[in-house]
Amino acid sequence: MKFAKSNKPQGRDPDTEARLAALLESVEDAGESILGAGPIVLMTRVRLARNLSRFPFTGWAKEAQRSDILAECTSAVRALPQMKKGIAFTMEELSDHEKQLLVERHLISRELSASKAGSGVVISRDCTCSIMVNEEDHLRMQVIKPGFQLKRVWKTMNAVDSALEESLDYAFDTELGYLTACPTNLGTGLRASAMMHLPALVITGQMDKIVRALNQLGLVVRGLHGEGTDASGSIFQISNQTTLGESEAAIIDRLHNVLTTVFRQEMNAREKLLEAEPVKLFDKIGRAYGLLQNARLVTSAEALNLLSLLRLGVDLGGFPAALRLVTNRLIILSQPAHIQHATDAEADPAQRDILRAELLRKALADFPRPEFTHSGPPPAAE
Amino acid sequence: MANPIKCSLCGKPATVHLTQIINNKIHKVDLCEDCAKAKGVTDPSGFSLADLLLKGALNPETITEGEGHGAELVCPNCGFTQQDFKKVGRFGCPKCYEAFRPMLVPMLGSMHKGVAHSGKVPQRALDRRSIYERLTKLEMELDLAIKTERYEDAARFRDEIRQIKQTPGA
């Protein structure tokens, strides 16, 4: 798939590009502001689904109603103190390539990027809060922060929601809670998740068992890019499945406890790998380092796998800790739309593989060679 | 293979096999690649099996169990029908939750931890709604009182309306 830069919607606000550029620049050091500076938990996210009581849900609303919903929600959202200097887009004013950029930054969902007329998003200047209008629900709001900070993220999200409630009449039923287009989101409308980097659990073949156990606890595990375990850079999103019958605090607490356990399991698996097969492990990391520094064609899936191993190398002390941020940045910048964004020419996937390899070679040219002298346990939990 | 597993939706050979455990109940679905794509199974950001099951396409029996014995439910507010729900797995408007409650309750039990909300309440919005409802009722009573020349009552209603309108948040 090409992410054509030229198909910009006709007659759009000339300011659109400048706003997008400001947004992407404001997280120029994307490695730090999006993915965590510590091991294992890359980022934490909480989202809430809300609807206005007076209108049909987005999927059933007429076009005129959708634009009323968009206008009402956008003006309420823009008035939030949390959205001071926030940046708003309608989906109609963005090209496919620009929408994909926002998807890759986790600022909008794929569903929103594919939506019909009358959808939009407001994104806070620091990109931690984004509020989508007319996705599946009238409002899909999220707070994302790097690292493992579930409770703090929920607190921020809760405050945004309470502030919005001052001016918007939410659809709410005392028995069923917040009413959502899909009954699977009913009640709290809350989905909390953490994106976790679990290479040792994948290498030691324990991931299937963990996924089953998490499912039994009512949690869902998804890959970052598809379901294949190793093809996903060993990055998994773990979130709650159910939203009704449990309070927000209970959902957050339960998820927090389970994620802490998964964190410990990954640490244990790393320790065991280091004890049992250190050479095999260091070999994997060394090979990833060699490929990234020399390859000429790298697909986005391969880049993610190799960068995942490099990040593990940092965690195990083979590279200076500060370089974890370099791996974070590259994980984001090596995605398809980001590669396209960095070049003026229209690149097809094969050309993007060349550009990606170039980006990685340049960025890692000064990355020191891995030195594994460390034989003790990996660094302690956050 | 002599007997390949068939796609639960279209009957073509299935290549995607899903198992999810929701509230200790195992749900299994086999899909061909096209249906898996169409249902968003390959999209890691938005797939849940509960979602798929709920569309009724795979498991119509589970949904019909909760129906009001043949009579098709329709939302009086937005015109959304039970058929529409089976097709898209989403409701039409917030009022649909009242209209479809008979079929909804058994479904919620298998989908969630409980069937009653416990958690945040949009207190400000609820207060606003109850104030609005009280005002509408008082205004109707005021009109009626004036029409039937009960001027003392009318004055009382007018004072009450004025008082409510002066309270902050109204």
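From a predicted model like this one, the values you see are computed outputs, not experimental measurements.

### Remarks on the overall build of chain A
When its secondary structure is counted, chain A shows 14 helices and 10 strands. In terms of its C-alpha atoms, chain A occupies a principal-axis envelope of roughly 65 × 50 × 30 Å. For chain A, the proportion of its 382 residues judged to be buried stands at 58%. Counting only contacts in chain A whose residues sit at least 6 apart along the sequence, the fraction spanning at least 24 positions is 73%. Total accessible area on chain A stands at roughly 15100 Å², and carbon and sulfur atoms take up 52% of it. Averaging the positions of the 44 positive and the 47 negative side-chain charges in chain A gives two centres separated by 3 Å.

### Quick look at the confidence of the model for chain A
On average, chain A scores 89 in pLDDT, and the residues at 70 or more come to 92%. Of all the helices and strands in chain A, helix α2 (residues 30-34) of chain A carries the lowest mean pLDDT, 59, while strand β4 (residues 129-133) of chain A carries the highest, 97.

### Here's the deal with the packing of aromatic side chains
Overall, the coordinates contain 10 aromatic pairs over all chains when judged by the stated rule. Aromatic pair W60 of chain A and F80 of chain B: ring centres 4.6 Å apart, planes at 90°, arrangement edge-to-face. In this pair, W60 of chain A is assigned in the loop between β1 (41-50) and α3 (63-78) and F80 of chain B in the loop between α3 (60-64) and α4 (82-88), connecting two distinct chains. Under the relative-accessibility criterion, W60 of chain A is labelled partly exposed at 32%. Taking 4.7 Å as the distance between ring centres and 65° as the angle between the ring planes, the aromatic pair formed by F91 of chain B and Y97 of chain B counts as edge-to-face. Note on F91 of chain B: relative accessible area 2%, which makes it buried. Grouping aromatic residues by their ring pairs yields a cluster made of W60 of chain A together with F80, F85, F91, Y97 and F100 of chain B. Geometry around Y178 of chain A places R50 of chain A over its ring, the cationic atom sitting 3.4 Å from the centre. Lying across the ring of F157 of chain B, R156 of chain B places its NZ or CZ 5.1 Å from the centre.

### Notes on the sheet that holds strand β9 (residues 219-223) of chain A
Residues and elements named next belong to chain A. Reading across the sheet, the 8 strands line up as β2-β3-β4-β5-β1-β8-β10-β9 and stay open at both edges, with antiparallel pairing between neighbours. In this open sheet, the two strands that pair with only one neighbour each are β2 (87-90) and β9. Between one strand axis and the next, the sheet turns by 20° as a mean value, whatever way the strands run.

### Considering the confidence of the model for chain B
All names here are of chain B. Mean pLDDT over chain B stands at 76; residues scoring 70 or higher make up 69%. Ranking the elements of chain B by mean pLDDT puts α3 last with 42 and helix α5 (residues 96-99) first with 94. pLDDT under 50 marks residues 56-69. Its contacts with residues more than four places away, or in other chains, come to 19 contacts.

### Quick notes on the pairing of strand β10 (residues 235-240) of chain A
All names here are of chain A. A large share of β10 lies buried, amounting to 6 of its 6 residues. Side-chain alternation along β10 places I235, Q237 and S239 on one buried face and F236, I238 and N240 on a second face that is also buried. In this structure, strand β8 (residues 190-197) lies alongside β10, joined through 5 bridges in antiparallel fashion. Among the inter-strand pairings, M196 is bridged to a residue of β10, identified as F236. Sheet analysis places β9 next to β10, joined by 5 bridges and oriented antiparallel. Within β10, the position partnered with R222 by the bridge is Q237.

### Observations concerning the state of the cysteines
According to the stated counting rule, one finds 0 disulfides over all chains in the structure shown. Here C129 of chain A is not disulfide-linked; the sulfur of C127 of chain A is the nearest cysteine sulfur, at 10 Å. For C129 of chain A, a relative accessible area of 5% gives the class buried. Take C75 of chain B: it sits in no disulfide, and the sulfur closest to it among the cysteines is that of C96 of chain B, at 3.8 Å.

### Some details on the packing of helix α6 (residues 150-165) of chain A against helix α9 (residues 248-276) of chain A
Residue and element names in this part refer to chain A. Remark: α6 packs on α9, axes separated minimally by 10 Å, with the N-to-C direction vectors making an angle of 155°. The angle between α6 and α9 places the two elements in the roughly antiparallel class. The two elements α6 and α9 meet at a crossing, and its hand is right-handed. Contacts between α6 and α9 involve L150, K151 and W154 on the former and, on the latter, E248, I252, D253, L255, H256 and L259. Classifying every residue of the contact of α6 with α9 gives 5 nonpolar, 1 polar and 3 charged.

### A short note on the environment of K145 of chain A
Residues and elements named next belong to chain A. Looking at the secondary structure, you find K145 in strand β5 (residues 139-146). Residue K145 is classed as buried on the basis of its relative accessible area, which comes to 18%. Between the C-alpha atom of K145 and that of G36, which follows or precedes it by 109 residues, the distance is 8.0 Å. In this view, K145 contacts M43, T44, T128, V153 and T156; residues no more than four positions away in its chain are not counted. A distance of 3.4 Å separates a polar atom in the side chain of K145 from a polar atom in the side chain of T156.

### A look at the nonpolar core
If you look at the biggest cluster of nonpolar residues, it comprises 92 residues, and the most contacted ones within it are V46, I131, L139, L164 and M196 of chain A. Examining the composition of this core, we find that 11 residues originate from one element, α9 of chain A, more than from any other. Counting 23 residues, the second largest nonpolar core, distinct from the first, contains L186 of chain A together with C75, A99 and L104 of chain B.

### Things to note about the side chain of R324 of chain A
All names here are of chain A. By secondary structure assignment, the location of R324 is in helix α12 (residues 324-333). Here the side chain of R324 touches D315 through a polar contact of 2.8 Å, side chain to side chain. With near-sequence residues (within four places) excluded, R324 lies in contact with G36, A37, G38, P39, R311, V314 and D315.

### Notes on helix α8 (residues 151-166) of chain B
All names here are of chain B. With 16 residues, α8 should reach 22 Å at 1.5 Å per residue; the first-to-last C-alpha distance of 22 Å fits that figure. Residues of α8 that are buried include every one of A154, F157, I161 and I164, and no others. For α8, the buried positions fall inside an angular range of 90° around the axis, keeping them on one side. In α8, the exposed positions angled more than 90 degrees off the buried face are occupied by Y151, E152, Q163 and Q166. Taken together, the buried residues of α8 touch α7 (123-147).

Definitions and cut-offs
- Residues numbered from 1 in each chain as written.
- Chains lettered and ligands numbered in written order.
- Predicted model: local features only at pLDDT ≥ 70, side-chain atom pairs only at ≥ 80, totals over all residues.
- Heavy atoms only, no water.
- Helix = DSSP H or I, 4+ residues; strand = E, 2+ residues; numbered from the N terminus.
- Buried < 20%, exposed > 50% of the residue type's maximum accessible area, 1.4 Å probe, protein only.
- Contact = heavy atoms within 4.5 Å.
- Areas by Shrake-Rupley, 256 points an atom, 1.4 Å probe, with all protein chains shown as cover.
- Lys, Arg positive; Asp, Glu negative; His and termini not counted.
- Charge placed at Lys NZ, Arg CZ, Asp CG, Glu CD.
- pLDDT = per-residue confidence, 0-100.
- Phe/Tyr/Trp six-rings, centres within 6.5 Å; stacked < 30°, edge-to-face > 60°.
- Lys NZ or Arg CZ within 6 Å of the ring centre and 35° of its normal.
- Pairing = 2+ DSSP bridges.
- Axes fitted to C-alpha atoms, helices over the stretch in contact; angles between N-to-C directions.
- Disulfide = S-S within 2.5 Å.
- Parallel < 35°, antiparallel > 145°, perpendicular 65-115°, else oblique.
- Left-handed = near helix turned anticlockwise from the far one by under 90°.
- Nonpolar A, V, L, I, M, F, W, Y, C, P; charged D, E, K, R; others polar.
- Polar contact = N/O pair within 3.5 Å; in protein donor to acceptor, adjacent residues only side chain to side chain.
- Core = buried A, V, L, I, M, F, W, Y, C linked by side-chain atoms within 4.5 Å.
- Expected span 1.5 Å × (residues − 1).
- Arc of directions from axis to C-beta.

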